[in-house]
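# Examining the three-dimensional arrangement
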Amino acid sequence: MPIHACQCITEHQKCQDFKPLSDILKQVKSSASVQLFVKDLKDVKENLDTAIKYMKTRISTINNHKTTAVEKIRYMRKLINDYFNKLEQDILNDLESKHSKLKLDMATILQQMDQQASQINQMQSQFTIMTQYAIELQMYIGLREIEKTTSQTAKYIEDVDQDIKRPVEITLDKNGFVYIASDGNNNGLVVSPDGKTCKTILSEADGIKSPCGINISKDTGMMIVSSEISEDRTFYKTAFVYKI
């Protein structure tokens, strides 16, 4: 009779279907369950190998993507650096150009003033000689001439002092006339090559307000003045073009 661990009391007849453990163990290796387990293990192993291969491929892919992204970032950084380097150089070149032009224009005005000062010094020397050696008629004529010249110089200085308040930029035309944009007086004026005359040529009546730049084409004679205008209490920059 088969031996089992449970206690048979009232339903012992149900235990008649049990097989001895020794008989069951004899069929384990050849049973379908073992073959199924072998197949399942093989499938699991193949799936794991596929997953590992996929993960390794993905790791390699994201590494390549990172390398590509780093190269693109560095390339873009180089483009940005090149752009800003060029922009910086353009600004520096423009600054140097305007600075050189301004120095040249200022040197021209200074030369004109030096000529005025030299002329006054010469007149002072001539006046000293006249007072010592000239006859009355010569003295009279000389004084009239000195008075005329000093009046012109005084007027030039007065005009410059009144008209040129906070000059922002100057330029020259092909004939040597000096053009000045004055922010303090909201005007533009011209000084003759010899420095003897100074004349306002543009004012607020012409739409000039807070001029910030002036330039003249020596080829065409066209003058451009950058200025501020207002409409409906809104201020913005613009430019006026004039034919000289």
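Residues numbered from 1 in each chain as written. Predicted model: local features only at pLDDT ≥ 70, side-chain atom pairs only at ≥ 80, totals over all residues. Heavy atoms only, no water.

## Overview of the overall build of the protein chain
Inclusion rule: Strands are runs of DSSP state E lasting at least 2 residues, helices are runs of H or I lasting at least 4, and numbering of each runs from the N terminus. Between buried and exposed lies partly exposed: a residue is buried under 20% and exposed over 50% of the maximum accessible area for its type, with that area taken using a 1.4 Å probe on protein chains only. Only heavy atoms enter the contact rule, under which two residues are in contact if any of them lie within 4.5 Å. All accessible-area figures derive from a Shrake-Rupley calculation using a 1.4 Å probe, and residue coverage is judged against the displayed protein chains alone.
Tallying secondary structure elements over the protein chain gives three helices and seven strands in all. Moving toward the C terminus, one meets the helices and strands of the protein chain in the order α-α-α-β-β-β-β-β-β-β. When the 244 residues of the protein chain are sorted by exposure, 20% land in the buried category. Sequence-distant contacts, at least 24 apart, represent 36% of the contacts inside the protein chain between residues at least 6 apart. Approximately 18700 Å² of the protein chain is accessible, and the part contributed by carbon and sulfur atoms is 58%.

## Topic: a nonpolar patch on the surface
Definition in use: Any residue with relative accessible area above 30% and no salt bridge may belong to a patch, with like charges joined within 9 Å and the nonpolar Val, Leu, Ile, Met, Phe, Trp and Tyr side chains within 5 Å. By convention in these notes, a salt bridge is any Lys or Arg side-chain nitrogen within 4 Å of a carboxyl oxygen on Asp or Glu.
Judged by side-chain polarity, I80, Y83, F84, L87 and I91 come together as a nonpolar surface patch covering roughly 500 Å² of accessible area. Among the structural elements, I91 can be located in helix 2 (residues 32-133).

## With respect to the UniProt feature "coiled-coil region" (unreviewed entry) in the protein chain
How we decide: UniProt positions are given in the numbering used here, feature names are shortened, and annotations may be inferred rather than shown by experiment.
Mapped onto the present numbering, the UniProt feature "coiled-coil region" (unreviewed entry) falls on residues 92-126. With 100% helix and 0% strand, residues 92-126 has its two end C-alpha atoms placed 50 Å apart.

## Describing the nonpolar core
Among soluble globular proteins, nonpolar side chains are generally buried collectively. Test applied: Definition used in this section: a nonpolar core is a set of buried Ala, Val, Leu, Ile, Met, Phe, Trp, Tyr and Cys residues joined via side-chain atoms within 4.5 Å.
The biggest cluster of nonpolar side chains holds 10 residues, and these are Y179, A181, V190, L202, I208, I214, I216, M223, V225 and Y242. Looking at this core, the elements that each hand over two or more residues are strand 2 (178-182), strand 5 (213-216) and strand 6 (222-231). Aside from chain neighbours lying at most four places away, what touches Y242 is L202, D206, I208, G221, M222, M223 and V225. Grouped together as the second largest cluster of nonpolar side chains are eight residues, I109, L172, V178 and C198 included.

## Regarding the layout of surface pockets
Put simply, the rule is: Definitions used throughout: a 1 Å grid over protein atoms alone; a cavity as a set of points that fits a 1.4 Å probe which cannot get out; a pocket as an open set with protein on both sides within 12 Å along at least five of seven lines; a lining residue as one with an atom within 4 Å of a point. Grid points are joined across faces, edges and corners, and a volume is the space filled by probe spheres set on the points. Under this grouping Gly is polar, as are all residues other than the nonpolar Ala, Val, Leu, Ile, Met, Phe, Trp, Tyr, Cys and Pro and the charged Asp, Glu, Lys and Arg.
The volume enclosed by the largest pocket comes to roughly 270 Å³. It is helix 2 that contributes the most residues to the lining of the largest pocket, seven residues altogether. Class assignment for the residues of the lining of the largest pocket results in five nonpolar, four polar and four charged.

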